[in-house]
Every structure is written in C-alpha cells, then in structure tokens.
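# Chains, contacts and geometry: an overview
These are the residues of each chain, in order.
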Amino acid sequence: MAVAGEDRTEEDRGDECRVGLGTIAREWGRIGCIGFGGPPTHIALLRQLCVDRRRWIAAAEFEDGIAATNLLPGPASTQLAIFTAWRLRGLAGALVGGVCFIVPGLVLILALAALFLAGHAPLWVRGAAAGAGAAVAAVAVQAAVSLVPASWKRAGQAQAARARWIGYCLAGGAAAALTGPWLVLVLIGAGLVEVAVRARPSGHPDRWAVSWPLLATAPAASGGLLALVWVALKVGALSYGGGFVIIPLMQADAVDRYHWMTDGQFLNAVALGQITPGPVVQTVAVVGYAAAGVGGGLLAAVVAFAPSFLFVLVGGPRFDRLRANARVQAFFTGAGPAVIGAIAGSAIPLALALQHAWQYGVLAAAAVWLLAARRGVVSALLGAGVLGATVVLAGWPVT
C-alpha cells in the first residue's frame, strides 16, 4: 500500500493535514445518510469523496484499502469508511468518521424496529413487514450469486482447485441450512483445508485466522444482556465474506436459543437491515431492540461494530503484510466459497419461516426481480412491502 503522501506534491500533503474532524464528521455523516444500496454504494461514495473530489487519498491507495478491508472479518464497507478516515486524521479521525458513518442508519433502523415490532402495529404495517420479510430469501440468493465470479477466479484454473471450490461451497450451504450456530466451524475448516493444500508449513502459524473464530463458537454462559453482548460480538467478528453470512448465526440465537423474536420478526429485521443506509450487520440492532428495547439495540450495535474499529486501528499499519501473507490468502481462498454457500444456504430456513401461501408468491416475484431482471435490493424489498400491505388490506391473513 502506498505511504501517505508518497506520490503527492507538498501542497497536496498540506491539504491532507488540514482535513478537520468537523469536515470528516460532516462528509462521513452525509454518506451514512444517503448510502442506500449496501457496500457497492458506500465504496462508490467514499471513492468519489476521497479520491475524485477532494483528492485526499491516491487512487491506488484507495484500491489497496478496499482489498485489505475485504480480508478482515466484519462489514467491509464500514471498515473502509473507518480506514479512510484513519488515513486522514489517525485515531481521532477513525472514531469520528466511523461513528458518523454508522449512526444515521442505526437511528433509522431502531425507529423502524419500534414501528414494525410494536405489539399493536397497524394492519398495513404488519402486512408490509410480512411482504418485505418474504423477499429476504431471494435477497440472500442474489447476494451469494454476486460473490461467485470473484471467488471462482481467485480459486485459479487448476481442476483440483475448482473441485475444492465446489466442495467448500456445498459444505457451507449444507451447514447454513442444517447446523445453525455451528456454521462457523465449517467456514474455518474450509479455510484451513485450503491452507494445508496451498501454503508451505512454517513455524509461525497465523493464530488470528484459526483461534479467535473457534473461541467465538462457544455458547454464551447465560441469558439476558450477557447473551445479547455475546451474540452481537459474534455478529461483528464473524461477518467476513458479506453481512449475510451472519444471518443463520443470528437466527439460531435470536429465534431458537433465546426466543427474543419469532421467525417472522427476524425476517422483518433482516429486511430492515437491507432497506436502511448501512451494512446488513445493523440487523443486530433490531435483535437487540427485541431483546431489551432501545438500550438493547444500542448495546448490540456498539458491541457488533467495535471489532471493525479494532481491526482497522490495529491492523491498518500491517495491511501490506496481511495481503502478502500466503497463509492468509489461502485461508480466504478456501473460506470464500464456503461463505458463498452459507449465504445461499441461509435462504432455505428463511423461506421455511414463511407462514402464508401469499408470501411465497411475493418471494417468487422478488426472485424474478433480483435474479432475472437484475434489479436492486432496495426496490425489491420496498416493492415486496407494498405487495404485502396491499394483500393484507384486501383481507388475506397476516398472523
């Protein structure tokens, strides 16, 4: 990765040094308010700001930042927002930029959670929630499909490597559909198998790539807020490969283990995470709200996003070594297709959670919209919500 100011004039370096925390708060907060559409939109807005318009960061350095943050667990676009702010003003910039990027979507998703999870929500609200939730399984499949080309290319041309890719993908799909919270062990196993195949043995294993995820699979010691903190920590620390990979993990905890939500409410939570301007990881705030009100939602969000700040602040100076490490690259070459399979496999329990026949019709329509027409996720979920509200107001069941 290029060193700050390496290819710039003295005037450019002076401009970078004068970037104030107020400017970072305003610009990153603006992106947090208008960043509907997920990571592609976030990355495009950050590039437009930092590279094209303000020229704070060189284009090559920005691309390196994208590659490096995609190697880390956690929501990649959020980490890129933290990283770019860190490049401009260090620790203070990272904290201000990251918080201002996250807060707008968090406020909106908590407000929507209060509306959609209300005990006596209006009929049209319940219909819209059931309709948007019905489309979530199609969104998961679309998210998986979008990741396939890059991961398939990364596997290489060798027939054996591509056979392993297919095997990892199938294993991840089966684990997401059948094993719930133990999915992470399959993801780690796929990565370690690829390390064993590709990387040469050494006396210095990359412990971070092996030990911390294993620890994260342990169950929480008790219920209550401690359980919520543990669930949120797993969400923030294990969402590599795309936010949807944590959906089966969250569903197993929030619905099956702790009974904070019903299946239908969980589908609503995932839908809200998609239509608000932030990463899918913000779904955990809705889970927190269901478990312990607004305070629980805020606590879950703080815990879930804390690893992103930690990874960037600790790993930022070491990104070059991280990207060059053969073991790390091999681990993600194996874990990547397992993640894709897990995201696609999560569509099965999400679809099975639907309660009414009309919801499967909405799901089919969303699948055509996303996979055949190749239209956007936000429009799919909003359209599904409108369909749901219309159907329910016409007299179809919602409870």
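These remarks concern the structure in this document. These figures come from a predicted structure and were not determined experimentally.

Cut-off values and rules
- Residues numbered from 1 in each chain as written.
- Predicted model: local features only at pLDDT ≥ 70, side-chain atom pairs only at ≥ 80, totals over all residues.
- Heavy atoms only, no water.
- Helix = DSSP H or I, 4+ residues; strand = E, 2+ residues; numbered from the N terminus.
- Buried < 20%, exposed > 50% of the residue type's maximum accessible area, 1.4 Å probe, protein only.
- Contact = heavy atoms within 4.5 Å.
- Areas by Shrake-Rupley, 256 points an atom, 1.4 Å probe, with all protein chains shown as cover.
- Expected span 1.5 Å × (residues − 1).
- Bend = angle between axes of the 7 residues up to and from the residue.
- Axes fitted to C-alpha atoms, helices over the stretch in contact; angles between N-to-C directions.
- Parallel < 35°, antiparallel > 145°, perpendicular 65-115°, else oblique.
- Left-handed = near helix turned anticlockwise from the far one by under 90°.
- Nonpolar A, V, L, I, M, F, W, Y, C, P; charged D, E, K, R; others polar.
- Core = buried A, V, L, I, M, F, W, Y, C linked by side-chain atoms within 4.5 Å.
- Phe/Tyr/Trp six-rings, centres within 6.5 Å; stacked < 30°, edge-to-face > 60°.
- Disulfide = S-S within 2.5 Å.
- Salt bridge = Lys/Arg side-chain N within 4 Å of Asp/Glu carboxyl O.

On a plain count of helices and strands, the protein chain comes out with 19 helices and zero strands. Across the 399 residues that make up the protein chain, the buried fraction comes to 52%. Of the contacts formed within the protein chain by residues at least 6 apart in sequence, a portion of 75% connects residues at least 24 apart. As displayed, the protein chain offers around 16700 Å² of accessible surface, 66% of which is attributable to carbon and sulfur atoms.

With 41 residues, helix α5 (residues 76-116) extends just 28 Å between its outermost C-alpha atoms, more than 12% less than the 60 Å of an ideal straight helix rising 1.5 Å per residue. At Arg 89, α5 shows its strongest bend, of approximately 145°.

Let us now look at the packing of helix α3 (residues 39-53) against helix α4 (residues 59-70). Orientation of α3 relative to α4, taken along the N-to-C sense of each, is 150°, at an axis distance of 10 Å. Considering their axes alone, α3 and α4 lie roughly antiparallel with respect to each other. Crossing hand, α3 versus α4: right-handed. In this structure, α3 contributes Ile 43, Leu 46, Arg 47 and Val 51 to the contact, and α4 contributes Ala 59, Phe 62, Glu 63 and Ile 66.

For the pair α5 and helix α14 (residues 283-315), the least separation of the axes is 10 Å and the interaxial angle reads 165°. Relative to α14, α5 is oriented roughly antiparallel. Along this stretch, α5 crosses α14, giving a crossing that reads as right-handed. Of the residues contributing to the contact of α5 with α14, the split by class is 23 nonpolar, six polar and no charged.

For the rest of this paragraph, the subject is the environment of Ala 254. Structurally, the position occupied by Ala 254 is in helix α12 (residues 247-257). Remark: the alpha-carbon pair of Ala 254 and Ala 290, spanning 36 residues in sequence, is separated by 8.9 Å. Here Ala 254 is in contact with His 259, Trp 260, Met 261 and Val 287, once residues within four sequence places are set aside.

In terms of nonpolar packing, the biggest core is built from 124 residues, with Trp 28, Phe 244, Ile 247, Trp 260, Met 261 and Phe 266 touching the most fellow members. If one sorts the elements of this core by residue count, α5 sits on top with 15 residues. Residues contacting Met 261, with those up to four places away along its chain left out, are Leu 117, Ala 254, Val 255, Phe 266, Ala 269, Val 286, Val 287 and Ala 290.

For the coordinates displayed, the defined rule picks out five aromatic pairs. Aromatic side chains Phe 331 and Phe 332 sit 5.5 Å apart centroid to centroid with 85° between the ring planes, which places their arrangement in the edge-to-face category.

Here we come to the state of the cysteines. By the definition in use, this model includes zero disulfides. With no disulfide of its own, Cys 33 lies closest to Cys 100 among cysteine sulfurs, the gap being 9.5 Å. With a relative accessible area of 45%, Cys 33 lands in the partly exposed category.

Where charged atoms of side chains with opposite charge meet at close range, the side chains can pair. A full pass over the atoms with the stated rule returns ten salt bridges. Between Glu 194 and Arg 198 there is a salt bridge, with its nearest N and O atoms 2.2 Å apart. With a gap of four residues between them, Glu 194 and Arg 198 both fall in helix α9 (residues 183-198), about one helical turn apart. Taken together, the shared-partner salt bridges in this structure form one network comprising Arg 26, Glu 27, Arg 30, Arg 53 and Arg 54.

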